[in-house]
Amino acid sequence: MSPVPEIGSVWPPKNIETLNAWEIPFLNTLILLSSGVSVTWAHHSIIAGSQRNTLTALAITIGLAVFFTLLQLFEYNSSSFSIYDGIYGSTFFMATGFHGFHVFIGTCFLFVCFFRVLFYHFTKQHHFGFEAAAWYWHFVDVVWLFLFVSIYWWGNLLMFMSFYSPLEQFEIIPIVPVKFFFLDFSFSNSSVLLLISFLFIFFIVNVISFSGNGFIVPNRYQIIFENLYRFILDIVQENLGKTGQSFFPFFFFPFYFFAFL
């Protein structure tokens with residue numbers, strides 16, 4: 001919160017090249033959250049008495065846990081700093097390493113539960129051993145979310161602000177390059193945004209507006225759409241009069257299209 005002058009009065013300290021939070025750390029976040037879903041699936045399968053689904057869900061959870069640990073080791077090996085590099089290195093490796101140790105313990109718990117399910121040690125009423133392991137695993141998931149925000153995202157924010165220009169958000173990056181002579185028809189990041197915006201407006205007009213099945217009394221979604229409709233209609237009538245209502249579609253779609261963009 002208040003970095004001392006000895007580290008440059010900034011966090012992360014100067015001369016520390018932090019890891020990009022949106023690469024391996026974000027992937028690990030998705031992996032842990034997915035493992036939380038699969039371990040919940042295993043719990044419901046035990047209650048339902050389905051051994052096959054329980055084993056499948058536990059195998060997925062263990063596989064994701066091992067994958068998380070391997071990515072964490074790869075991250076440690078590829079980082080440009082070590083635990084000896086001042087307060088940042090100490091904080092980073094102590095926090096993430098201690099969490100990684102808990103991931104290892106939780107993986108061992110789930111591995112034992114896998115064989116206990118395989119040998120019919122659990123029943124619908126008696127499976128506290130698994131419940132304890134599942135609660136421990138959810139605890140590991142929640143702690144990682146705090147680590148991702150405090151260690152990776154916050155620790156990476158200053159570098160992101162220093163090395164990246166705000167104008168980069170307007171850079172057009174080709175995703176599927178298509179060129180015909182001197183014309184460029186590439187499908188780019190801008191094309192993706194335009195497509196999402198178009199589908200969003202199309203969804204509002206064609207789904208929400210007809211969700212009442214033609215009833216005279218509108219539902220809540222139709223009321224929202226009618227207010228959006230009326231807002232543009234009032235602007236058109238105030239500026240062009242009733243004779244300008246033929247231009248209403250021309251103003252309606254571009255207005256909400258650009259508003260969503």
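Keep in mind it's a predicted model, so treat the numbers as computed, not measured.

What counts, and where the lines are drawn
- Residues numbered from 1 in each chain as written.
- Predicted model: local features only at pLDDT ≥ 70, side-chain atom pairs only at ≥ 80, totals over all residues.
- Heavy atoms only, no water.
- Helix = DSSP H or I, 4+ residues; strand = E, 2+ residues; numbered from the N terminus.
- Buried < 20%, exposed > 50% of the residue type's maximum accessible area, 1.4 Å probe, protein only.
- Contact = heavy atoms within 4.5 Å.
- Core = buried A, V, L, I, M, F, W, Y, C linked by side-chain atoms within 4.5 Å.
- Disulfide = S-S within 2.5 Å.

Novice: I'd love a proper account of the environment of Phe-260, names of residues and values included.
Specialist: Relative to the elements of secondary structure, Phe-260 occurs in helix 7 (residues 248-260). For Phe-260, a relative accessible area of 35% gives the class partly exposed. Separated by 138 residues in the primary sequence, Phe-260 and Phe-122 have C-alpha atoms spaced 51 Å apart. Those residues within four positions of Phe-260 in sequence are excluded, and the remaining contacts are Ile-196, Ser-197 and Phe-200.

Novice: Talk me through the side chain of Thr-61; I want residue IDs and the actual numbers.
Specialist: Checked against the element boundaries, Thr-61 lands in helix 2 (residues 51-78). Not counting chain neighbours up to four residues away, the residues in contact with Thr-61 comprise Ser-35, Ser-38, Val-39, Leu-110 and Trp-137.

Novice: Lay out the nonpolar core with the relevant residues and their values.
Specialist: By size, the foremost hydrophobic cluster in this structure holds 37 residues, and its most contacted members are Leu-58, Phe-92, Leu-110, Phe-130, Trp-137, Trp-144 and Tyr-152. Breaking this core down by element, the ones donating at least two residues are helix 1 (24-48), helix 2, helix 3 (86-118) and helix 4 (128-163). What Phe-92 contacts, discounting residues up to four positions off in sequence, is Leu-19, Glu-75, Tyr-76, Phe-81, Gly-97, Ile-151 and Tyr-152. In terms of nonpolar packing, the next biggest core, distinct from the first, is built from 9 residues, Phe-225, Ile-232, Leu-233 and Val-236 among them.

Novice: Describe the state of the cysteines, and please don't skip the residues or the numbers.
Specialist: Overall, the coordinates contain 0 disulfides when judged by the stated rule. With no disulfide of its own, Cys-108 lies 11 Å from the sulfur of Cys-113, the closest cysteine sulfur. Classification of Cys-113 by relative accessible area gives buried; the value is 5%.

Structural measurements only, silent on function.
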